[in-house]
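The primary structure of each chain is shown beneath.
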Amino acid sequence: MVGMTLLFSVSCIVVFGCGSSQKTATVAAAGTAADSAVSVAKAHARAYARQVNLTQTDVPGAEVIADEEESGPPSQRALEVARCAGAMLPDRRIADIRSSTLRVGNVVDEATRVKSSIEVQPSAAIAGRNYAALQSARDRTCIARDLPQLAEGAARPTQIGPTTVTVLPRLLPEGLNAFGFRVETTITGASPTGKQRREVLYLDDYGFVVGRAEVSLNDIRVSRPPPTALERHLLTLLYSRAQVHKP
């Protein structure tokens, strides 16, 4: 979830555009018992993600601006982020499936971009360790440090300004454990039309764990923070689905 937060914030920013994603091809099972077990585990993870992840119908009037995708092998940068935060390395995960990216709002420059993701781990213990890392001050330090470096790989030249990471109020009822933080920074770069722009960027990330699954909600908005009412609605929806279909 930590790596997704950083990558999503750089690659799908409101003022600089958000291209369509490409789905990862499924690798055929090799026929051995181990490969068959992995194939079955991935199939279960994908089915769970389809039951839980956000869809366009969850937000009336929302527009799909990038398709659902499944992550391939983690990049070297994702491994470095995990090491920094003290999380388990993402190369052990069974699958990481991200929902379609939804644009919520009629005014493009003020719209919120929102998506969810399901990352299924080999065990509940690993998922729990990653969730603990997400809540740590160490993780927030890593995010503030690594965000400018991730911008170096953006499609258009992009500069990230000073970054702050703060803990968000809990949106779920008492007893339901979901942690959230907000990344606030400035971003300067060329818009799709070539015009140089500088905006304040807000990225909110919420996460919780259900069994072996790490579920996250991410949304981005420029100029002002994402609407709390929308976040509460979607987080409650994700939590309810995740519990009903617990992997």
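Chemist: Mind laying out the overall build of the protein, listing which residues take part and the relevant values?
Modeler: Check the secondary structure of the protein and you find six helices and 10 strands. Taking all 247 residues of the protein together, the buried fraction comes to 51%. In the protein, 69% of the contacts between residues at least 6 apart in sequence involve partners at least 24 apart. Accessible surface, the protein as shown: approximately 11400 Å² in total, 53% of it carbon and sulfur.

Chemist: Before we move on, could you go through the state of the cysteines and cite the residues and values that matter?
Modeler: For the structure on display, the rule yields one disulfide. Across the disulfide from Cys-84 sits Cys-142; the S-S distance is 1.9 Å. Of note, the bridge from Cys-84 to Cys-142 carries an S-S torsion of about -95° and is left-handed in sense. Of the two residues, Cys-84 is situated in helix H3 (residues 76-85) and Cys-142 in helix H5 (residues 137-150); the sequence distance between them amounts to 58 residues. The class of Cys-142 is buried, set by a relative accessible area of 2%.

Chemist: Describe the nonpolar core, with residues and values.
Modeler: Counting 31 residues, the largest nonpolar core has Tyr-48, Ile-118, Phe-208, Val-215, Leu-217 and Leu-235 as its most contacted members. Of all the secondary structure elements, the ones that give two or more residues to this core are helix H2 (33-52), strand S3 (95-98), strand S4 (101-104), strand S5 (112-120), strand S9 (196-210), strand S10 (213-222) and helix H6 (228-244). No other element matches H6, which puts six residues into this core. The next biggest cluster of nonpolar side chains, apart from the first, holds 14 residues, and it includes Ile-160, Val-165, Ile-220 and Val-222.

Chemist: How would you explain H3 if you had to name every residue and give the values?
Modeler: All buried positions along H3 are accounted for by Ala-78, Leu-79, Val-81, Ala-82, Cys-84 and Ala-85. Following H3 by one or two positions, Gly-86 has its phi on the positive side, about 85°.

Chemist: Just give me the short version of unusual backbone geometry, but keep the residues and values in it.
Modeler: The backbone of Ser-223 sits at a positive phi, close to 75°, despite the residue not being glycine. Along the chain, the position of Ser-223 falls in the loop between S10 and H6. Using a relative accessible area of 44% as the deciding quantity, one classes Ser-223 as partly exposed.

Chemist: How would you explain the confidence of the model for the protein if you had to name every residue and give the values?
Modeler: On average, residues of the protein score 81 in pLDDT, and 81% of them are at 70 or above. Across residues 1-17 the pLDDT falls below 50, and counting only partners more than four positions away or on other chains, this stretch makes 75 contacts in the model. Per-residue pLDDT stays below 50 along residues 19-30; that stretch engages in 17 contacts with residues further than four places along the chain or on separate chains.

Chemist: Tell me about the pattern of salt bridges, residues and numbers included.
Modeler: With the rule as written, the count across this model stands at nine salt bridges. Between Glu-70 and Arg-46 there is a salt bridge, with its nearest N and O atoms 2.8 Å apart. Of this pair, Glu-70 sits in strand S2 (residues 69-70) while Arg-46 is found in helix H2, placing the two residues 24 residues apart along the sequence. For Asp-96, the salt bridge is made with Arg-93, and the minimal N-O distance between the two is 3.7 Å. Per residue, the accessibility class of Asp-96 equals that of Arg-93, and both read buried.

Chemist: Report on the environment of Ala-178, specifying residues and quantitative values.
Modeler: Note on placement: Ala-178 falls in the loop between strand S7 (164-167) and strand S8 (179-190). The residues contacting Ala-178, other than those within four sequence positions of it, are Tyr-131, Arg-170, Leu-172, Gly-207, Phe-208 and Leu-235.

Chemist: How would you explain the pairing of S4 if you had to name every residue and give the values?
Modeler: Of the two faces of S4, the one lined by Thr-101 and Arg-103 and the one lined by Leu-102 and Val-104 are each fully buried. The pairing of strand S1 (residues 63-66) with S4 spans three bridges and is antiparallel. Bridging from a neighbouring strand, Ala-66 pairs with Thr-101 of S4. Of the strand pairs in this sheet, S4 and S5 are connected by three bridges, and their pairing is antiparallel. Paired with Arg-103 across the bridge in S5 is Arg-113.

Chemist: Please give an account of H6 that cites residues and values.
Modeler: Taking 1.5 Å as the rise per residue, H6 with 17 residues should run 24 Å; its terminal C-alpha atoms sit 24 Å apart, in good agreement. Regarding H6, the residues found buried are Leu-230, Glu-231, Leu-234, Leu-235, Leu-238, Tyr-239, Arg-241 and Ala-242. Summarising the axial view, the buried residues of H6 lie within an arc of 165°, below the 170-degree limit, and thus occupy one face. Structural note: H6 exposes Ala-229 and Val-244 on the side pointing more than 90 degrees away from its buried face.

Each value, and the rule that gives it
- Residues numbered from 1 in each chain as written.
- Predicted model: local features only at pLDDT ≥ 70, side-chain atom pairs only at ≥ 80, totals over all residues.
- Heavy atoms only, no water.
- Helix = DSSP H or I, 4+ residues; strand = E, 2+ residues; numbered from the N terminus.
- Buried < 20%, exposed > 50% of the residue type's maximum accessible area, 1.4 Å probe, protein only.
- Contact = heavy atoms within 4.5 Å.
- Areas by Shrake-Rupley, 256 points an atom, 1.4 Å probe, with all protein chains shown as cover.
- Disulfide = S-S within 2.5 Å.
- Core = buried A, V, L, I, M, F, W, Y, C linked by side-chain atoms within 4.5 Å.
- pLDDT = per-residue confidence, 0-100.
- Salt bridge = Lys/Arg side-chain N within 4 Å of Asp/Glu carboxyl O.
- Pairing = 2+ DSSP bridges.
- Expected span 1.5 Å × (residues − 1).
- Arc of directions from axis to C-beta.

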